[in-house]
Every structure is written in structure tokens, then in C-alpha cells.
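Take a look at the letters that make up each chain.
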Amino acid sequence: MLIKRREFLKISSLATASLLMPNFLKAMTFEEALEPNQKILIVLQFTGGNDGLNTIIPVRNDIYFKERNNIAINNSLPLNDETGINPALSYFKELHDNGELSVMNNVGYPNPDKSHFRSMDIWHSASKSDEYLETGWLGRFLDEECYRCEHPTQALEVDDMLSLALKGEKNKAFAFKDPKRLYQTSQEKYFKSLYDHHHDDETVSYLYQTLGSTINNARYIFEKSKAKQTTQTYPNSQLGKDFKTVASLIKSDINTRVYYLSIGSFDTHVNQNERQQKLFGDINEAVKSFVADMKSNGLFDNILLMTFSEFGRRVAQNASKGTDHGTANQMFFIGGGLKKKGMLNPLPDLTRLNEGDLIYSEDFRKVYATVLKNWLKADSSKVLGWKNGIYDFI
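Residues numbered from 1 in each chain as written. Predicted model: local features only at pLDDT ≥ 70, side-chain atom pairs only at ≥ 80, totals over all residues. Heavy atoms only, no water.

Comments concerning the sheet that holds strand 3 (residues 77-78)
Read across the open sheet, the 3 strands follow the order 2-4-3; overall the sheet is antiparallel. The open sheet has two free edges, formed respectively by strand 2 (56-58) and strand 3, since each of these has just one partner strand. Summarising the sheet, strand 3 and strand 4 (residues 83-85) pair through 2 bridges and their orientation is antiparallel. Across the sheet, Pro78 pairs through a bridge with Gly84, a residue of strand 4. (Pairing = 2+ DSSP bridges. Helix = DSSP H or I, 4+ residues; strand = E, 2+ residues; numbered from the N terminus.)

In C-alpha cells:
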């Protein structure tokens, strides 16, 4: 069978989106549902470097208002006497007041890198700043936990391409943007003829095999997404649609334990407040709908939603009413099973900076170790090589 260049590119795009491994080929034959009360992790990535100081605001800190005379948030919603939250995240305040949100402040790592790409790789791989890994922390979780898994949907990313965070040495997650669109593409007659196609060239043959598995997985995910479609109203934003997809899958009997979402860009060098307000508005409304959906179905206690960004911003504003690349940042944790609520640790110390940047106090790998061990019940030392303790907020 001859293959035209345009058709090859189309096949490559579909196959690359899933990035599956050979041991997953034709692996969707068996059902493998989640066990009752299975804990589920949802990671929401704030791509581009969100400004943490205008997210969780030090309302009594004179340095903050002096260094940000044009962009400081003066109408934050109070969380306690010292702390407010950006008013565009009004639902996050409600979650906080209900004991359903925790905030870890000043999270980072030694010798921080202020390149978007490199710092994101560090967060995805859970590496040291001078260490380069080709696997991600959740991918290694799949390697450790899924050596007997029947099919590769234990982790799903709602995106066109798979992030490093979900790539293991042996196992990888499955990436898709929309179950229906992926399924419709996979059902085109050209693709359906590829299952049993063989080619002498090893690379081309692998591409055909991978695509065949992708077709099978696409059907499975699409059927699960339809099984218990949500009646909850979600915003029409892309993030709203992504959370709606996740909600439908969670309510089905799919075996997924980790979902990965992203929103951005938070790279706010110019007119930061307008951009950040728009993004926070989308996040606020999408999370509000999702939490309501999970609560109405009795699933909220089994959900942990965690947010992160690859770095924060500098303490002082720049000349364009924005902020430049910085270092440490906060992480949000939302769920019905939190053991400790509210502010988990002090705000960043603005009197102690490194050339205008925050000095981190909490290592993100300790956060990952906590999530792996306490929530996903995995061996965090094997996944991360981290043996420096964990937190106790979940």
C-alpha cells in the first residue's frame, strides 16, 4: 500500500498525540475499571510563569505595594489578617472558607532556572536544576504502578501533545484534546485499514502499529466519555470544556487515576493585571463547575486538584506594568479530603531576596512525594528518589 505525504503527516499527527509504547499495542481488549473510592489526581498547569504575588496577596506588606505601585492588587478578598486572594479567584476564596482549599507558599528548587522551557522540564521531570531527565514524575509513577496494567489510560492529558511529566521509560499516558474528535479521526476509512498493515521499514511499521493502538484507545475513551455525560453547566472556555471532559470520564468506569490539564500563557511582561484577570476568570468558573459536578455525584472526597506554574515573577514590577521571570511560587490544592486547610506555611519573605527574586522555602519535589505517597499510595522514593520527608496536608 502506497502512502501519500499528506496522509503520512496526518497519521504521524494522530500517532504522535498519543505517544504510546509497543507493550500497549491492541491493549484495549479488556475492561479494567477503577476500584470503588479510588483516589484521583488532577494537575492543572499554569503555563508561562504565573505571578504568585498578585495571586496570593500580602495585604499588610509595605514592600509589596512599594515595588508594585501600578499593579498591586488593592481589592483582594481576605483569607486571613495577613493574606488576600486575587478577586478574580472568588470561588477559590469560597473553597478556602469551606475548608476545601490549601495553599503552599514559596515553592521552588535550588539554583532556579528562569527559562520557560528549562524550568518547565525541571518541574515535569522532578529533576535537579543541573540534571537532565528524559522521563517525567507521573510517567515514572506509571512505570512503577502499571507493570500489570491492561491498557494505558491510567493517566490522560487533555491536550494535543503529551507533556514530559507523563512520559515514563516503559509507560506513557495518552494525550487527546477532545474524545469525539479523536474518535472521528480514527474512524476515517484510511486509518481503519492500518491495524494489520506491515512494512519492512521498522520505523514505518512501528508508526502503523502505534496508530492501530491509538484507534482502539480512541474508541474506548470516547465510549467512556459518553457513558455518563454530565448535566452540570460548564463555561464555554477551553478550560471549561476540558474540565467537562474530565468530569464525564471520572463518572464512567474508566481506570484513569491522573488527569493533566493546562492553561496559559501567564507570561505577563506587559499589562499584567488585564491578562491575569482574564485567565483567573476562566480558571475560577471552570473549577466552580467541576467542583459542583463532583459534589453532586458524591465524588469530591476522592478528588485532589493541584496547580503549579514553572516559576513566579520578580518582586518589582517592570516599566510596562508587568513583571519579568522570577523564581518561587505558590501551589493550590483543592479537594474534599484535605487534612490541613488554608495557608500551609508563611508567605514569601520580601525582605530577603536574591537580586530581586524570591528565595524558595519549600522544595516542589517534597510536594510531589507527598501527593504520590499519601494520595496515590505509590512508593515516592522509587518514583522520585526523594527521601527528605513529606508533608501531612493530605
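Here's the deal with the side chain of His325
Structurally, the position occupied by His325 is in the loop between strand 9 (303-309) and strand 10 (329-335). Separated by 2.9 Å, the side chains of His325 and His116 make a polar contact. Side chain to side chain, His325 and His269 meet in a polar contact 3.1 Å long. Ignoring sequence-local partners within four residues, the contact set of His325 consists of Lys114, His116, Asp267, His269, Phe311, Gly312, Arg313, Arg314 and Asp357. (Polar contact = N/O pair within 3.5 Å; in protein donor to acceptor, adjacent residues only side chain to side chain. Contact = heavy atoms within 4.5 Å.)

Things to note about the packing of aromatic side chains
Given two aromatic rings, their pairing is described by the distance between the two centres and the angle made by the two planes. Taken as a whole and judged by the stated rule, the model has 14 aromatic pairs. Both rings, one in Tyr109 and one in Phe364, keep their centres 5.8 Å apart while their planes meet at 70°; by these two values the pair is edge-to-face. Taken together, the residues Tyr109 in the loop between strand 5 (101-108) and helix 4 (116-125) and Phe364 in helix 11 (residues 364-375) connect sequence positions 255 residues apart. Tyr109 gets classed as buried once you look at its relative accessible area, which sits at 4%. Ring centres of Phe243 and Phe290 lie 5.0 Å apart, and the angle between their planes is 45°; on these two criteria the pair is classed as tilted. Taken together, the positions of Phe243 in helix 9 (residues 238-251) and Phe290 in helix 10 (residues 272-296) put the pair 47 residues apart, joining distant regions of the chain. Assigned by exposure class, Phe243 and Phe290 land together as buried. (Phe/Tyr/Trp six-rings, centres within 6.5 Å; stacked < 30°, edge-to-face > 60°. Buried < 20%, exposed > 50% of the residue type's maximum accessible area, 1.4 Å probe, protein only.)

Focus: the confidence of the model for the protein chain
Per-residue pLDDT for the protein chain averages 86, and the proportion of residues at 70 or more is 77%. Overall, residues 15-34 carries pLDDT values under 50, and its contacts beyond four positions in sequence, including any with other chains, amount to 74 contacts. Per-residue pLDDT stays below 50 along residues 203-208; that stretch engages in 15 contacts with residues further than four places along the chain or on separate chains. (pLDDT = per-residue confidence, 0-100.)

As for helix 4
Given 3.6 residues per helical turn, the α-helix brings residues three or four places apart onto the same face. Taken across its 10 residues, helix 4 has 8 buried, putting it largely inside the fold. If you check which residues of helix 4 are buried, you get His116, Arg118, Ser119, Met120, Ile122, Trp123, His124 and Ser125. Following helix 4 by one or two positions, Ala126 has its phi on the positive side, about 60°.

Comments concerning the pattern of salt bridges
If you walk through the whole model with that rule in mind, you get 12 salt bridges. Linking Glu100 and Lys295 is a salt bridge whose minimum nitrogen-to-oxygen distance equals 3.0 Å. Linking Glu100 in the loop between helix 3 (90-97) and strand 5 with Lys295 in helix 10, this pair joins segments that are 195 residues apart in sequence. Exposure remark for Lys295: the relative accessible area of 38% places this residue in the partly exposed category. Salt bridges linked by common partners bring Lys114, Arg314 and Asp357 together as one network. (Salt bridge = Lys/Arg side-chain N within 4 Å of Asp/Glu carboxyl O.)

Notes on the pairing of strand 8 (residues 258-264)
With 5 of 7 residues buried, strand 8 is to be regarded as a mostly interior element. Pairing geometry for strand 1 (residues 40-47) and strand 8, over 7 bridges, is parallel. When the sheet's bridge partners are listed, Gln45 is paired in strand 8 with Ser262. As defined by bridge partners, strand 6 (residues 155-158) adjoins strand 8 across 3 bridges and the pair is classed as parallel. Looking at the pairing, Leu156 lines up with Tyr259 of strand 8.

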